Amino acid sequence: KVEGFPSQLLNKLPVAQPKVKTETFSSMNIQMILQFLEENKDEPIWEWFVPMFKVLLETGMRVSEVVQMKIRDIDINEQKISVLGKGNKRRNIYFRSKPIWDIICNQIYDEKGKIRTDTEWVFWYKHKNVSYGKSYLVEKKDKRFREEGLSKKTKKMIRLLKLDESLTAHDTRRYFITEMLKK
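**Remarks on the pattern of salt bridges**
The final tally for this structure, using the stated rule, is eleven salt bridges. With a shortest N-O distance of 2.9 Å, Asp-118 and Arg-116 are connected by a salt bridge. Taking relative accessible area as the criterion, Asp-118 reaches 39% and is therefore assigned partly exposed. The residue Lys-141 makes a salt bridge to Asp-118 at a minimum N-O spacing of 2.8 Å. In this pair, Lys-141 sits in strand S5 (residues 134-144) while Asp-118 sits in the loop between helix H4 (98-108) and strand S4 (124-131), placing the two residues 23 residues apart along the sequence. Exposure remark for Lys-141: the relative accessible area of 24% places this residue in the partly exposed category.

Shown next as structure tokens:
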């Protein structure tokens, strides 16, 4: 409503609607990924990634939610975690499958079967280090993984498996939701 400025001029501008990405992993992709995860679960370069990716696949959690999980937020009796998602909406994620609950338990209990007090994170920072030709895993229990690290590792796996390079870690969420709708 400025003098000399044509009214509703902006309403007539041709603005292309962005294409919403709806593609996700196919069942063949998932079989290849599961095989890859099983074959590489004990490899230092992949061993931190495998449990996190499995949690992504089987829970539909966002990448940010998985890397930010804290031990104190796990409800052991209910086998769930309450997460604060987009829009400050709280929702419960249940770890109902035995393999996923085993992953969570493996992370939150120490070797004596006691709840960990040496870290607050369900998935604490680990990376491969190489010294004098030998590789080993370095752990920093006071530090969590970052979303970018999990996403980059997912991209590396996707390239190694020669899958569609447009697939991302977030596509695990789309895959989960699609599978739930089918059920």
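From this point, things continue past the structure.
**Observations concerning the packing of helix H2 (residues 49-59) against helix H6 (residues 171-182)**
Contact pair H2 / H6: the axes reach a minimum separation of 7 Å and the direction vectors enclose 35°. The segment H2 lies against H6, with Phe-53, Leu-56, Leu-57, Glu-58 and Thr-59 engaging Thr-172, Tyr-175 and Phe-176. Here the contact of H2 with H6 is built from residues that sort into five nonpolar, two polar and one charged.

**Section: the nonpolar core**
Nonpolar side chains tend toward joint burial in soluble globular proteins. One finds Met-69 and Phe-95 to be the most contacted residues of the largest nonpolar core, which totals 42 residues. Secondary-structure elements contributing two or more residues to this core are helix H1 (27-40), H2, helix H3 (63-67), strand S2 (80-84), H4 and helix H5 (147-160). For this core, the element with the highest residue contribution is H2, accounting for seven residues. Among all residues touching Phe-95, those that are not within four sequence positions of it are Thr-59, Met-61, Met-69, Ile-74, Gln-79, Lys-80, Ile-81, Ile-100, Trp-101 and Ile-104.

**Describing a negative patch on the surface**
Taken together, the side chains of Asp-42, Glu-43, Glu-47 and Glu-139 define an acidic patch exposed on the protein surface. If you trace the backbone, Glu-139 turns up in strand S5.

**Quick notes on the environment of Phe-53**
One can find Phe-53 in helix H2. Separated by 19 residues in the primary sequence, Phe-53 and Leu-34 have C-alpha atoms spaced 9.8 Å apart. For Phe-53, the contacting residues outside a window of four places in its chain are Phe-25, Ile-33, Leu-37, Thr-154, Met-157 and Thr-172.

**Comments concerning unusual backbone geometry**
For Asn-88, which is not glycine, the phi dihedral falls at a positive 55°. Mapped onto the secondary structure, Asn-88 falls in the loop between S2 and strand S3 (90-94). Although it is not a glycine, Lys-162 adopts a positive phi angle of roughly 60°. Within the secondary structure layout, Lys-162 lies in the loop between H5 and H6.

Calculation rules
- Residues numbered from 1 in each chain as written.
- Predicted model: local features only at pLDDT ≥ 70, side-chain atom pairs only at ≥ 80, totals over all residues.
- Heavy atoms only, no water.
- Salt bridge = Lys/Arg side-chain N within 4 Å of Asp/Glu carboxyl O.
- Buried < 20%, exposed > 50% of the residue type's maximum accessible area, 1.4 Å probe, protein only.
- Helix = DSSP H or I, 4+ residues; strand = E, 2+ residues; numbered from the N terminus.
- Axes fitted to C-alpha atoms, helices over the stretch in contact; angles between N-to-C directions.
- Contact = heavy atoms within 4.5 Å.
- Nonpolar A, V, L, I, M, F, W, Y, C, P; charged D, E, K, R; others polar.
- Core = buried A, V, L, I, M, F, W, Y, C linked by side-chain atoms within 4.5 Å.
- Patch = residues over 30% accessible without salt bridge, like charges linked within 9 Å, V, L, I, M, F, W, Y side chains within 5 Å.
- Areas by Shrake-Rupley, 256 points an atom, 1.4 Å probe, with all protein chains shown as cover.
- Lys, Arg positive; Asp, Glu negative; His and termini not counted.
- Charge placed at Lys NZ, Arg CZ, Asp CG, Glu CD.

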